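Chains, contacts and geometry: an overview
Given next are the chains, with one letter for each unit.
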Amino acid sequence: MLNSCSVSSSALYNGKAGMSLALFEVARFLEDEYIEDQALQTLQESLLTKTDDPGFENGLSGIGYVLLYLTKNKLVEADFDELFGDKLQFIYEHADKLCDDFITNGVLPMCDMRMIYFLDIYHKCVDSNRSSELKEKLLMVYCEKLRNLLSDTLREKEGVSKVDYMLYLEEFIKMIDKCCNGVLPQDLVDRYISEYEDGRWMSRVLLSNSLYVLSEKAGNQRWKDSALCQADIALQSVDVRVETLRTMTDILFCNLPLKSYQEKSDEIRNYLFTTDEQKLTQNLSRAISHKNMSAGYALGMSRLLLCAVNEYTGRKRNEVLRPL
C-alpha cells in the first residue's frame, strides 16, 4: 500500500486515487503523519494523470471524486478548480454526449453510469447548476435505458443477460438513494418486484438492501416487504469461504433489520478481521483474487482498510466506501 510508485494506474478502482483515499482515512484514524505524507504523495501522483477516460472506475471522474471527498472532509487543502478545472469540462462534455447519443440513437454505455456520483458530489460541494442539470439528465436517460433493458431481458433477447440487468438495477437504485432528490422510478421498481414474485429473478443481498433503503425513503410497504423477503433468502447462499472481498465488505455496509443479516455480518467480521495472523493471511489471499490488484479500492486492501476504519469508528455507511 505504501509503495505506490509500483502502481501505474492513477484511477480510483485499481490505482493511486483509490489507494490515497484509503491511506488518508487510515492516517486520520491512527493519527499517523507518515501515512498521511504517503497518502498526499499518492494523491499528487494520481492528479498527474494523462488519461482521456472520463469514467468513474478507471478515469477522470473517479479521480475527481476522490479529490472532492478529501477537500470536503478537510483531509487536504486544495483548490479543486485550479487542479481539475480543465478535466471537469471534459467530463461535462462527455456527459452531454452520453445524453445526446441516447436520445438520437438509443446508445448508452452502462459502464458510464457511475459518473453520476462525481456530478452529485461536485454539485453538493460547489453548488454547481451545470453539474446538477447533467446529473438529472443522466439519471433520466439511464432510468429509461433500464426500462428498455428489462423489456429485452424478459423477452430473452439475444445478448441481454439477467445477471447483468440485476447488477445494473442494483447500482441504479443505490444511486437513486444517494444522488436523487426528485421523483423516484416507481414503475421500474414495481415492475421488477412483480417479475420477482412471478419467479423470474433470483434473490441478491445487495439489490435487496438497495430496495429496502429505497422503500424506507419512499414509505412503500410493498417494496419493504419484498426487499426483506429477498434478502432473507439471498443471505442463505452467502458463504465466506467462496465470496470475494468486495462482496463481503459490501454486505457489511448494508442496513437490513434481519436476524439472518446480523448473523451473516458477524460471520464476515470474524473472517475478515480475525486476530489470528496466519488465518487472516489465508482468508485474504483467497478473498482477493490474484487476477486483481491486491492494493486496489475496488477489490483489494484499500477497500478492506476503509471498511475497517468504518467498523472501528462506528461510521456506518460512510460514503467513502460506497459507491464503489
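Residues numbered from 1 in each chain as written. Predicted model: local features only at pLDDT ≥ 70, side-chain atom pairs only at ≥ 80, totals over all residues. Heavy atoms only, no water.

**Section: the overall build of the chain**
Scanning the chain from terminus to terminus reveals 14 helices and zero strands. Listed by position from the N terminus, the elements making up the chain come as α-α-α-α-α-α-α-α-α-α-α-α-α-α. Computed over C-alpha atoms, the radius of gyration of the chain comes to 20 Å, within 12% of the 20 Å expected from 2.2 N^0.38 for 324 residues, which places it in the range of a compact globule. A principal-axis box enclosing the C-alpha atoms of the chain has dimensions of 55 × 50 × 35 Å. Per-residue burial over the chain gives 54% buried out of 324 residues. In the chain, 66% of the contacts between residues at least 6 apart in sequence involve partners at least 24 apart. When the accessible surface of the chain is totalled, it reaches about 15,000 Å², and 48% of it is carbon and sulfur. Across the chain, the mean location of the 38 positive side-chain charges is 4 Å away from that of the 50 negative side-chain charges. (Helix = DSSP H or I, 4+ residues; strand = E, 2+ residues; numbered from the N terminus. Rg over C-alpha atoms; globule rule 2.2 N^0.38 Å. Buried < 20%, exposed > 50% of the residue type's maximum accessible area, 1.4 Å probe, protein only. Contact = heavy atoms within 4.5 Å. Areas by Shrake-Rupley, 256 points an atom, 1.4 Å probe, with all protein chains shown as cover. Lys, Arg positive; Asp, Glu negative; His and termini not counted. Charge placed at Lys NZ, Arg CZ, Asp CG, Glu CD.)

**Thoughts on the side chain of Gln230**
Relative to the helices and strands, Gln230 is located in helix H10 (residues 221-235). Look at Gln230 and you get buried, because its relative accessible area is 0%. Once you skip the residues sitting within four places of it in the chain, Gln230 turns out to touch Tyr192, Tyr196, Ser203, Ser208 and Leu211.

**As for the packing of aromatic side chains**
The description of an aromatic ring pair uses the distance of the two centres, along with the angle that the planes make with each other. Considering all chains together, one arrives at 13 aromatic pairs under this definition. For the pair Phe56 and Tyr65, a centre-to-centre distance of 5.4 Å together with 70° between the ring planes defines the contact as edge-to-face. Here a set of aromatic residues connected by ring pairs shows up, and it is made of Tyr13, Phe56, Tyr65, Tyr117 and Tyr297. In this arrangement the basic side chain of Arg130 is found over the ring face of Tyr92, its NZ or CZ atom lying 5.6 Å from the centre. Over the aromatic face of Trp201 sits the side chain of Lys162, whose NZ or CZ is 5.7 Å from the ring centroid. (Phe/Tyr/Trp six-rings, centres within 6.5 Å; stacked < 30°, edge-to-face > 60°. Lys NZ or Arg CZ within 6 Å of the ring centre and 35° of its normal.)

**Regarding the pattern of salt bridges**
Oppositely charged side chains can form a pair if their charged atoms are brought close together. One pass over the structure, following the stated rule, counts 24 salt bridges. Between Arg303 and Asp250 there is a salt bridge; the shortest N-O distance is 2.4 Å. Of this pair, Arg303 sits in helix H14 (residues 301-313) while Asp250 sits in helix H11 (residues 245-252), and the two are 53 residues apart along the sequence. A single burial state applies to Arg303 and to Asp250, both of which are buried. (Salt bridge = Lys/Arg side-chain N within 4 Å of Asp/Glu carboxyl O.)

**Re helix H8 (residues 186-197)**
If you check H8, its first and last C-alpha atoms are 16 Å apart, about what 12 residues at 1.5 Å a residue would give, namely 16 Å. Turning to H8, its buried residues are Leu188, Val189, Tyr192, Ile193, Glu195 and Tyr196. The arc that holds the buried residues of H8, viewed along the axis, is 165°, so those residues lie on one side. Those residues of H8 that are buried lie in contact with helix H6 (129-154), helix H7 (162-179), helix H9 (205-218) and H10. Directly beyond the C-terminal end of H8, a positive phi value near 85° is found at Gly199. (Expected span 1.5 Å × (residues − 1). Arc of directions from axis to C-beta.)

**Examining the nonpolar core**
Tyr142 and Leu272 are the most contacted members of the largest nonpolar core, which totals 105 residues. No other element matches the 10 residues that H6 contributes to this core. Beyond its immediate chain neighbours, meaning those up to four positions away, Leu272 contacts Leu245, Met248, Thr249, Leu252, Leu280, Leu284 and Leu304. (Core = buried A, V, L, I, M, F, W, Y, C linked by side-chain atoms within 4.5 Å.)

**Details of a nonpolar patch on the surface**
Together, Phe29, Leu30 and Tyr312 make up a nonpolar patch on the protein surface, roughly 330 Å² of accessible area in all. Checked against the element boundaries, Leu30 lands in helix H1 (residues 16-30). Note on Leu30: relative accessible area 48%, which makes it partly exposed. (Patch = residues over 30% accessible without salt bridge, like charges linked within 9 Å, V, L, I, M, F, W, Y side chains within 5 Å.)

**Looking at helix H3 (residues 60-72)**
Its 13 residues give H3 an end-to-end C-alpha distance of 18 Å, which sits within 8% of 18 Å, the value for a rise of 1.5 Å per residue. The buried fraction of H3 amounts to 11 of the 13 residues, a majority that puts the element mostly inside the structure. Of the positions making up H3, those classed as buried are Leu60, Ser61, Gly62, Ile63, Gly64, Tyr65, Val66, Leu67, Leu68, Tyr69 and Leu70. Considering only its buried residues, H3 is in contact with H1, helix H2 (33-46), helix H4 (80-105), helix H5 (115-126) and H7. Two residues or fewer after H3 comes Lys74, characterised by a positive phi angle close to 60°.

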